[in-house]
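Examining the three-dimensional arrangement
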Amino acid sequence: MLVPRHVIAGSGETPPNERLNIAGIGVGGMGAGDIGEVSKGNNIVALCDVDTQRSGSTFKKFPDAKPFRDFRKLFDEMEKGIDAVVVATPDHCHAVAAMAAIKRRKHVYCEKPLAHSIHEVRELMKAAREYKVVTQLGNQGHSYDSIRDFCEWVWNGAIGTVHTVHAGCRAVNSGLDQLPHLSEKHTPPASLDWDQWLGPAQQRPYHPAYLPASWRGWTPFGNGTIGDWTCHVVDPVFWALDLRAPVSVEATVKNYDPKTQGDAFPKGDIISYEFPANSKRGAVKMNWYSGTEHIPRPADLDPDEKDVETGAVVIGDKGTIVYGSHGAGQVRLVPAAKMESYKRPAKTIPRAEEHHQDWIQAIKTGGRAGSDFSYGGPLTEVALLGVIALKMPGTKLQWDAEKGQFKGNSEANQYLNPPYRNGWKL
């Protein structure tokens, strides 16, 4: 039977047979792929991007969608005609765009990391609960079968009690080489609204070193390699070990001075976390390796196997598991002989749909997406704590997750909620 929307509108659910009206904010790059996925069986009614050249192909693909350059104008004009929103802007604009949608009771899919500061993360989590919207973080691997395999193996005791994790990515997201050139004067291209691109970030002149994709290497806009990859690479252990929040974080860097080079991320770093014991396991130490700092080769790895470049080495008191990026891809026990003899446990975790469709179906049925903000928010916080540690390398920061503050460190606490530019608010 086809059920009209008004029949169950009061329940907060969208009838499964109905097409959703979806808007996209930031539709070049990853946003283009996101819009393509959510368009399946739904209507793309509005598209917003500050760079018409970079997003031009997406606008052409959906000619019936109304074009915008300012998401605030999009909401002012089309609020009543939108059910859900996809946010895929640079990191520093995630929170303001997502919050604008949530406060209008629009369901939100937001690219990872969820936000640019811990304050933003917590405010988004709070708002999502208050307005009862369906959310999803864009860490696509959370919907893969392989991450479920990994969890089931860990829970089945495949490697005993896990005590150490080495995770990381060799991508170098750093603006260090461009720092000497920032005094150069450049005019923004006609296709770019620079003021709108800056959003809540503090005013600064346009420079081509910042964009399109290179913004990740700059602290005012991105979150470095750790922010770009934690939500993919750490996700499996975060779920399997129920890591929640660390009690401490410390950064180690070489050839980097945050006082003089702090606008850019270093080319490599090691971030050390300590997670407290819980009712099912002991304490866990996790080291994150970015760029030029590499994951150490596990002793159990077969001689002919390559080092783990992007992924994790998970060490228990009875063995080791390694995996790659995005949902514990290529997950396996090492050495290979141990994997071959391992009797895999029953599949106890329900397998999910494709990540975007997991969100869509949750909206239509009134359910919960697998990596909603209540999960993706704390996962993002792990990365953001590492970003703050990079501003104070060599200092072991003690984190009080319940209070949302570092213990006895006012310098670190000032980075929890950086001020917005005048005219912007969350």
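Up top is the structure.
What comes next concerns the included structure. No experiment lies behind these values; they were computed from the predicted model shown. (Residues numbered from 1 in each chain as written. Predicted model: local features only at pLDDT ≥ 70, side-chain atom pairs only at ≥ 80, totals over all residues. Heavy atoms only, no water.)

1. Points about the overall build of the protein
This is how it is decided: Per the convention used, a helix needs a DSSP run of H or I reaching at least four residues, while a strand needs a run of E reaching at least two, with both numbered from the N terminus. It is over C-alpha atoms that the radius of gyration is taken, and the globule rule equals 2.2 Å times the number of residues to the power 0.38. Each residue's exposure class comes from its accessible area (1.4 Å probe, protein chains only) as a fraction of the maximum for that residue type: buried when under 20%, exposed when over 50%, partly exposed otherwise. To measure how exposed things are, a 1.4 Å probe is used in the Shrake-Rupley method; for residues, cover is taken only from the protein chains shown. This count recognises Lys and Arg as positive and Asp and Glu as negative, with His and chain-terminal groups excluded. Charge coordinates come from a single atom per side chain, which is NZ of Lys, CZ of Arg, CG of Asp or CD of Glu.
Secondary structure summary: the protein contains 15 helices and 15 strands in total. Against the globule reference of 22 Å for 426 residues, the protein gives a C-alpha radius of gyration of 22 Å, in line with a compact fold. Seen through its C-alpha atoms, the protein measures out along the principal axes to roughly 65 × 60 × 40 Å. When burial is assessed residue by residue, the protein has 57% of its 426 residues classed as buried. Taken as a whole, the protein presents about 18,400 Å² of accessible surface, with 50% of it coming from carbon and sulfur. Placing the 49 positive and 49 negative side-chain charges of the protein at their respective mean positions leaves the two points 3 Å apart.

2. Section: the packing of aromatic side chains
For the record, the criterion: Note on ring pairs: Phe, Tyr and Trp rings are taken, using the six-membered ring of Trp, and paired if centres are within 6.5 Å. Classes follow the plane angle, with under 30 degrees stacked, over 60 edge-to-face and the rest tilted.
Applying the stated criterion to the full structure yields 13 aromatic pairs. When the ring of Phe-71 is compared with that of Trp-424, the centres are 6.2 Å apart and the planes differ by 50 degrees; the resulting orientation is tilted. Here the residue Phe-71 occupies a position in helix H4 (residues 71-78), and Trp-424 occupies one in the segment after helix H15 (410-413), the gap between them amounting to 353 residues. Accessibility assignment for this pair places Phe-71 and Trp-424 in one class, buried. Seen in terms of ring centroids, Tyr-210 and Phe-221 are 5.2 Å apart; in terms of plane orientation they differ by 70 degrees. Their pairing is edge-to-face. With Tyr-210 in the loop between helix H8 (194-198) and helix H9 (224-233) and Phe-221 in the loop between H8 and H9, this pair connects stretches of sequence that are eleven residues apart.

3. Considering H9
In terms of burial, H9 is largely enclosed, as ten of its ten residues are buried. All of the buried residues along H9 are Gly-224, Thr-225, Ile-226, Gly-227, Asp-228, Trp-229, Thr-230, Cys-231, His-232 and Val-233.

4. With respect to empty space enclosed by the protein
Put simply, the rule is: Only protein atoms enter the 1 Å grid used here, on which a cavity is any set of points holding a 1.4 Å probe that cannot leave and a pocket is any open set flanked by protein within 12 Å on both sides along at least five of seven lines; residues with an atom within 4 Å of a point are listed as lining. Grid points are joined across faces, edges and corners, and a volume is the space filled by probe spheres set on the points.
Scanning the model with the defined rule gives one cavity of 30 Å³ or more in all. Of the voids in this model, the largest cavity is the one considered here, and its volume is about 60 Å³. Lining the largest cavity are 14 residues, and of these Asn-173, Thr-225, Pro-266, Asp-269 and Ser-290 lie nearest its centre. Only H9, strand S9 (268-275) and strand S10 (284-291) provide two or more residues apiece to the lining of the largest cavity. The element that contributes the greatest number of residues to the lining of the largest cavity is H9, accounting for three residues.

5. Let's talk about the packing of helix H6 (residues 118-131) against helix H14 (residues 373-390)
In helix packing, the relevant descriptors are the interaxial angle and the interaxial distance, both defined with respect to the helix axes. Let me state the cut-off plainly: To obtain each axis, a line is fitted to C-alpha atoms, and for helices this fit is confined to the stretch in contact; angles are then taken between N-to-C directions over 0 to 180 degrees. By definition in this entry, angles of less than 35 degrees are roughly parallel, angles greater than 145 are roughly antiparallel, angles of 65 to 115 are roughly perpendicular, and the rest are oblique. Whether two residues are in contact is decided by their heavy atoms: any pair within 4.5 Å suffices. Note on residue classes: Ala, Val, Leu, Ile, Met, Phe, Trp, Tyr, Cys and Pro are nonpolar, Asp, Glu, Lys and Arg are charged, and everything else, Gly too, is polar.
Where H6 meets H14, the axes come as close as 9 Å, and the angle between the chain directions of the two elements is 170 degrees. On the basis of their axis angle, the class for H6 and H14 is roughly antiparallel. Each of Ile-118, Val-121, Arg-122, Leu-124, Met-125 and Ala-128 in H6 lies in contact with H14, whose residues at this interface are Phe-373, Ser-374, Gly-377, Pro-378, Thr-380, Glu-381, Leu-384, Leu-385 and Ile-388. Of the residues that constitute the contact of H6 with H14, the class distribution is ten nonpolar, three polar and two charged.

6. Considerations on the pairing of strand S5 (residues 107-110)
Working note: regular strand, side chains alternate between the two faces of the sheet. Applied cut-off: Here, strands pair whenever DSSP counts at least two bridges between them. Note on handedness: a clockwise path from strand one over the helix to strand two, with the strands aimed away from the viewer, defines a right-handed crossover.
Side chains His-107 and Tyr-109 project from S5 onto one buried face, and the interleaved Val-108 and Cys-110 project onto a second face that is buried too. Note that strand S4 (residues 84-87) and S5 share four bridges and pair parallel. Its bridge partner lying in S5, Ala-84 is registered against His-107. At this point the chain moves from S4, through helix H5 (residues 91-102), to the parallel S5, and the crossover so formed is right-handed. Sheet topology places S5 next to strand S6 (residues 135-137); three bridges connect them, and they run parallel. Bridged to Val-108 within S6 is Thr-135. Following the backbone out of S5, through H6 and into the adjacent parallel S6, one traces a crossover that is right-handed.

7. Things to note about the sheet that holds S6
The sheet built from six strands is open, its strands ordered S3-S2-S1-S4-S5-S6 with parallel pairing. Of all the strands in the sheet, just strand S3 (66-68) and S6 have a single pairing partner and so form its edges. In this sheet, neighbouring strand axes are inclined to one another by 15 degrees on average, regardless of whether the strands run parallel or antiparallel. In this sheet, S3 lies alongside strand S2 (residues 43-48) in parallel orientation, the contact comprising three bridges. Its bridge partner lying in S3, Cys-48 is registered against Phe-68. Helix H13 (residues 355-365) contacts strand S1 (21-25), S4, S5 and S6 of the sheet and is inclined by roughly 170 degrees relative to S5.

8. Some details on the pattern of salt bridges
We apply this condition: Any carboxyl oxygen of Asp or Glu within 4 Å of a side-chain nitrogen of Lys or Arg constitutes a salt bridge here.
According to the stated counting rule, one finds 21 salt bridges in the structure shown. Close ionic contact of Arg-351 with Glu-152 constitutes a salt bridge, the shortest N to O distance being 2.7 Å. Placement of the pair is Arg-351 in the loop between helix H12 (336-341) and H13 and Glu-152 in helix H7 (residues 145-155), with a sequence separation of 199 residues. A relative accessible area of 28% means that Arg-351 is categorised as partly exposed. Residue classification places Glu-152 among the buried positions, given a relative accessible area of 4%.

9. Regarding the packing of H5 against H6
This is how the line gets drawn: Each crossing gets its hand from how the near helix is turned against the far one by less than a right angle, where anticlockwise is left-handed and clockwise is right-handed.
Interaxial distance between H5 and H6 falls to 10 Å at its minimum, and their mutual angle equals 15 degrees. The orientation of H5 relative to H6 falls into the category roughly parallel. H6 is crossed by H5, and the crossing has left-handed handedness. Contacts between H5 and H6 involve Ala-95, Ala-98, Met-99 and Ile-102 on the former and, on the latter, Glu-120, Glu-123, Leu-124, Ala-127, Ala-128 and Tyr-131. Classifying every residue of the contact of H5 with H6 by side-chain character gives eight nonpolar, no polar and two charged.

10. With respect to the environment of Ile-159
Looking at where Ile-159 falls in the secondary structure, it is placed in the loop between H7 and strand S7 (162-169). Judged by its relative accessible area of 0%, Ile-159 is buried. Along the backbone, Ile-159 and Val-314 are 155 residues apart, and their C-alpha atoms lie at a distance of 8.7 Å. Every residue in contact with Ile-159, bar those within four places of it in the chain, is listed here: Val-314, Ile-315, Gly-316, Asp-317, Lys-318, Gly-319, Thr-320 and Ile-321.

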